[in-house]
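Spelled out from the first residue to the last, the chains are:
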There are 2 protein chains.
Amino acid sequence: MKTTRRNFILQSSLALGALSTAKLQACALPTERKLGVALVGLGNYATRQLAPALQETELCALRGIVTGSPQKAAEWSAKHNIPKQNIYNYDNFDTIRDNPDIDIVYVVLPNSMHAEFTIRAAQAGKHVICEKPMALNSRECEQMIQACKRANVKLGIGYRLYYEPHHLEMRRLGTEKSLGAVKMIESSLGFSMADPKIWRLNKALGGGGAIMDLGVYCIQGVRRTLGELPTAVTGQGYVKDKTVFKDIYEMMMFQLEFPSGAVSNSTTTYSSYVDRLHATTDYRWFQLDPSFNATGASGKTSEGPMNFSKPAFQQTKQMDAFADNVLKNTMPLASGEEGLIDLRIIEAIVRSADTGKKVRLEWK
Amino acid sequence: MKTTRRNFILQSSLALGALSTAKLQACALPTERKLGVALVGLGNYATRQLAPALQETELCALRGIVTGSPQKAAEWSAKHNIPKQNIYNYDNFDTIRDNPDIDIVYVVLPNSMHAEFTIRAAQAGKHVICEKPMALNSRECEQMIQACKRANVKLGIGYRLYYEPHHLEMRRLGTEKSLGAVKMIESSLGFSMADPKIWRLNKALGGGGAIMDLGVYCIQGVRRTLGELPTAVTGQGYVKDKTVFKDIYEMMMFQLEFPSGAVSNSTTTYSSYVDRLHATTDYRWFQLDPSFNATGASGKTSEGPMNFSKPAFQQTKQMDAFADNVLKNTMPLASGEEGLIDLRIIEAIVRSADTGKKVRLEWK
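Cut-off values and rules
Residues numbered from 1 in each chain as written. Chains lettered and ligands numbered in written order. Predicted model: local features only at pLDDT ≥ 70, side-chain atom pairs only at ≥ 80, totals over all residues. Heavy atoms only, no water. Helix = DSSP H or I, 4+ residues; strand = E, 2+ residues; numbered from the N terminus. Buried < 20%, exposed > 50% of the residue type's maximum accessible area, 1.4 Å probe, protein only. Lys, Arg positive; Asp, Glu negative; His and termini not counted. Salt bridge = Lys/Arg side-chain N within 4 Å of Asp/Glu carboxyl O. Polar contact = N/O pair within 3.5 Å; in protein donor to acceptor, adjacent residues only side chain to side chain. Least-squares fit on C-alpha atoms with pLDDT ≥ 70 in both. Domains from an automatic or database assignment. Contact = heavy atoms within 4.5 Å. Nonpolar A, V, L, I, M, F, W, Y, C, P; charged D, E, K, R; others polar. Pairing = 2+ DSSP bridges. Axes fitted to C-alpha atoms, helices over the stretch in contact; angles between N-to-C directions. Parallel < 35°, antiparallel > 145°, perpendicular 65-115°, else oblique. Buried area = accessible area lost by both parts, 1.4 Å probe. Phe/Tyr/Trp six-rings, centres within 6.5 Å; stacked < 30°, edge-to-face > 60°. Lys NZ or Arg CZ within 6 Å of the ring centre and 35° of its normal.

Some remarks on the side chain of E250 of chain B
Then comes step 1: Relative to the assigned elements, E250 of chain B resides in the loop between β8 (232–238) and β9 (251–257).
Then comes step 2: The side chain of E250 of chain B is buried and forms no salt bridge, while K183 of chain A, the nearest opposite charge, is found at 5.5 Å.
Then comes step 3: At 2.7 Å, the side chain of E250 of chain B forms a polar contact with the backbone nitrogen of K240 of chain B.

Structure representation (structure tokens):
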């Protein structure tokens, strides 16, 4: 094994032995030993969420950027102290393979570019976090998973809520059944985004609007709470403003049937604000309201309030957990396989809405 | 006009002129001038809700009972001071026509008996309040409306929430659009009632389980908030426990499309507890949580809490409003026509769930 910075860190980490993630995070790595993260795509999410979150991560740090904008490159370089040799554009991106400062590439591009840049990052020998939704369709997801396996790099999805304490509590209540077995779940997420200039409303770039961008959280909230995968799906799609929502659904509703008999009902929309996850057993219930937004959830159950602190940035824990997976060579919780599951469910929902027919799903 | 007790009250009332309902209720009629109500069917709802509510009504009072149980007759007679001549069974019920003490018959029987007893009450010349759901199907509703028209008596449905201040506020916000035009509504009502001994679970008696009993509130909450009637309906039905839910859906979800472009998504179930009405515009929202249960709603909007007092019994206002309609010869707000609308929507939801197809609705 060549003594690169990365291998050094890996060896140090292995020497830490069986320390849990919590303990590892409690003793942050010295700055120079943190895994280096390069952000690909410097839009809103990278600027307002990931870059500040990377100020607080204990196992990884912002060390590189990939952008098509020389102006953004200069701004970010100055603000985040990023050396010239760690700045890439979309053309020379593949030379990142020769940069020992970068361990993890975080793809934060429009959805249509997720597959390409995840595969290019893997081929450059870098571990990859890909923002949600993982890709435009399940075929792309499978290609991404294969590319990362072949390159022997970790693949994670930017599912910040997999590491968020309120959502972990929903999952604990749903799977441990301490308030009874869940029979019905409602989940909804919507924001008013009826602006044709937003790339998310362009089917070629976003892949399908609200269901891709927000519906993925509604699906995730339901199946993660239950700890099950849906076996049948119905979906309904609506468009009010055809001038803005030309070839995508403005609003979708969908129902997922699970092996336990539980059924969920969800709404996702680009027309109005809604944000809630509600699970009900027979006489009891537990819920997050709000649930999915990045500024933080608030939870209560039929027995009383949930008391968890809200981190400044949910992505801090998400990225540190992935760095820990890299350091310990373990499987990310929010894996590419998880991203693929959600894309398969999204495809079933849209097919059901398009055809008016129930779609059945089988899982290996 | 014969000077009966009823006509005397009617004349007194007309003399009150253009007094509003609120003012009328502020000056309650003396006991002997109140309209006499006979309850038909002395089950839970009559015992726990209607009889106590009738202790507080200002325009009507409990004066008669109709029951198949001599034991219940004796108990109610003693408790509510009901004279022997005002006690009927289901066979001699029609002789109520000769009883001047009774102005209003309130039908609180299992759903399968609503049509028969509403029509018999009308034919006996009595005004009728029929508990919800109005009947087993829209055909029966039409027959009931016709019978009451022919007999020149008022017909009202036991829609207590048509008179409840939180629900009136939802309607005001939805129709005045002071927080913006509603784009999406969610409504849910469910209770755990998986007991095959309950008549509501018997299709012949209840007509179809949760959708008839609880779904009607979800429909009402949505269409009353919007002030619109749905033009297309999709529905999904689920049964987990086939030993209990033999020929009815245990849980139903349904989506209603409205002329304004608003769409609703609802869940109703006999398996678990849920109770909420949530309307969202673009950036703002207003909701009741809980919403539909008889013990009272709690409301808030994106701008702050709703502050309305909860009456001890919502049915007090409902019955006084109907008595006021009788006294002033005006159309009840919760009319038979409103009950028919909901049955037509329920039929469309069930047909959609049965066939898997969207059902379109036309309204004259």
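Once the structure has been displayed, the description carries forward.
Comments concerning unusual backbone geometry
Leave glycine aside and you will find that most residues have negative phi; peptide bonds, for their part, are mostly trans.
Then comes step 1: With omega at 0°, the peptide bond leading from D289 of chain A into P290 of chain A counts as cis.
Then comes step 2: One can find P290 of chain A in the loop between β12 (285–288) and β13 (299–301).
Then comes step 3: Even without glycine at this site, N152 of chain B takes up a positive phi of about 55°.
Then comes step 4: With respect to the helices, strands and loops of the structure, N152 of chain B is situated in the loop between α6 (138–150) and β6 (155–157).
Then comes step 5: Under the relative-accessibility criterion, N152 of chain B is labelled exposed at 67%.

Notes on the relation of the copies chain A and chain B
Both copies of the chain are tied together by a single rotation about an axis and a shift running along it.
Then comes step 1: Superposing chain A onto chain B takes a rotation of 180° combined with a translation of 0.0 Å along the rotation axis, leaving an RMSD of 0.0 Å. What the superposition gives is, in effect, a two-fold axis relating one chain to the other. Using C-alpha coordinates, one finds that chain A approaches the rotation axis most closely at G356 of chain A, a distance of 3.6 Å.

Concerning the domain arrangement of chain A
Where interface size is quoted, it is often the accessible area lost as the parts come together.
Residues and elements named next belong to chain A.
Then comes step 1: For chain A, the assigned domains read domain 1 (5–161 + 316–335) and domain 2 (164–309 + 343–360).
Then comes step 2: Using C-alpha coordinates to define each centre, domain 1 is positioned 27 Å away from domain 2.
Then comes step 3: Contacts between domain 1 and domain 2 engage 16 residues on the former and 19 residues on the latter.
Then comes step 4: The partner of D213 in a salt bridge is K132, with the nearest N and O atoms 3.1 Å apart.
Then comes step 5: At the junction of domain 1 with domain 2, the criterion picks out eight residue pairs in polar contact (both at pLDDT 80 or more).
Then comes step 6: When the residues that make up the side of domain 1 that touches domain 2 are grouped by side-chain class, the tally is nine nonpolar, five polar and two charged.

Overview of the sheet that holds β6 of chain B
Residue and element names in this part refer to chain B.
Then comes step 1: The strand order across the open sheet built from six strands is β3-β2-β1-β4-β5-β6, with neighbouring strands paired in parallel fashion. Edge positions in the sheet fall to β3 (87–88) and β6, since each of these pairs with one other strand and no more.
Then comes step 2: Those strands touched by helix α10 (residues 314–328) are β1 (35–40), β2 (60–66), β4 (104–107), β5 (127–130) and β6, and its axis lies near 155° from that of β5.

Here we look at the pairing of β8 of chain B
Residue and element names in this part refer to chain B.
Then comes step 1: Counting buried positions along β8 yields six of seven residues, so the element is predominantly enclosed.
Then comes step 2: As paired strands, β8 and β9 are joined by seven bridges and run antiparallel to one another. When the bridges of β9 are listed, V233 appears paired with L256.
Then comes step 3: The sheet contact formed by β8 and strand β15 (residues 359–360) spans two bridges and is antiparallel. Within the sheet, the bridge partner assigned to V233 lies in β15 and is V359.

A look at the packing of α6 of chain B against helix α11 (residues 336–355) of chain B
Helix packing geometry: the angle between the two helix axes and the distance between the axes.
All names here are of chain B.
Then comes step 1: Their axes nearest at 9 Å, the elements α6 and α11 cross at an angle of 170°. Judged by the angle between their axes, α6 and α11 are roughly antiparallel. The residues of α11 that touch α6, namely those facing S138, C141, E142, I145 and K149, are G336, E337, G339, L340, L343, R344 and E347.
Then comes step 2: The residue makeup of the contact of α6 with α11, split by class, is four nonpolar, three polar and five charged.

Considering the interface of chain A and chain B
Then comes step 1: The partner chain B presents 32 residues to the 32 residues of chain A that form the contact.
Then comes step 2: The contact between chain A and chain B buries some 2,700 Å² in all, and 54% of this surface belongs to carbon and sulfur atoms.
Then comes step 3: Connecting chain A to chain B are zero salt bridges.
Then comes step 4: Between chain A and chain B we count 17 residue pairs in polar contact (both at pLDDT 80 or more) in total.
Then comes step 5: Taken together, the elements giving at least two residues each to the side of chain A that touches chain B come down to β7 (184–190), β8 (232–238), β9 (251–257), β10 (263–269) and β11 (274–280) of chain A.
Then comes step 6: Top contributing element to the side of chain A that touches chain B by residue count: β10 of chain A, with five residues.
Then comes step 7: Classifying every residue of the side of chain A that touches chain B gives nine nonpolar, 17 polar and six charged.

Observations concerning the packing of aromatic side chains
Then comes step 1: For the structure shown, the criterion picks out ten aromatic pairs over all chains.
Then comes step 2: Ring centres of Y159 of chain A and Y162 of chain A lie 5.1 Å apart, and the angle between their planes is 20°; this geometry places the pair in the stacked category. We note that Y159 of chain A, like Y162 of chain A, is buried.
Then comes step 3: Ring pairing ties together the aromatic residues Y90, F93 and F117 of chain A, which thus form one cluster.
Then comes step 4: Above the face of the F117 of chain B ring, R120 of chain B is positioned so that its terminal group lies 4.6 Å from the ring centre.

Description of the pattern of salt bridges
Opposite charge on two side chains lets them pair, provided their charged atoms get close.
Then comes step 1: One pass over the full model with this rule turns up 26 salt bridges over all chains.
Then comes step 2: Its salt-bridge partner being D94 of chain A, residue R120 of chain A comes within 2.8 Å of it at the nearest N-O pair. Placement of the pair is R120 of chain A in helix α5 (residues 114–123) and D94 of chain A in the loop between β3 (87–88) and β4 (104–107), with a sequence separation of 26 residues.
Then comes step 3: Overall, the relative accessible area of 27% leaves D94 of chain A in the partly exposed class.
Then comes step 4: Ionic pairing is found between D195 of chain B and K197 of chain B, a salt bridge with its closest N-O pair at 4.0 Å.
Then comes step 5: Residues joined by salt bridges that share partners form a network here, namely D94, E116 and R120 of chain A.

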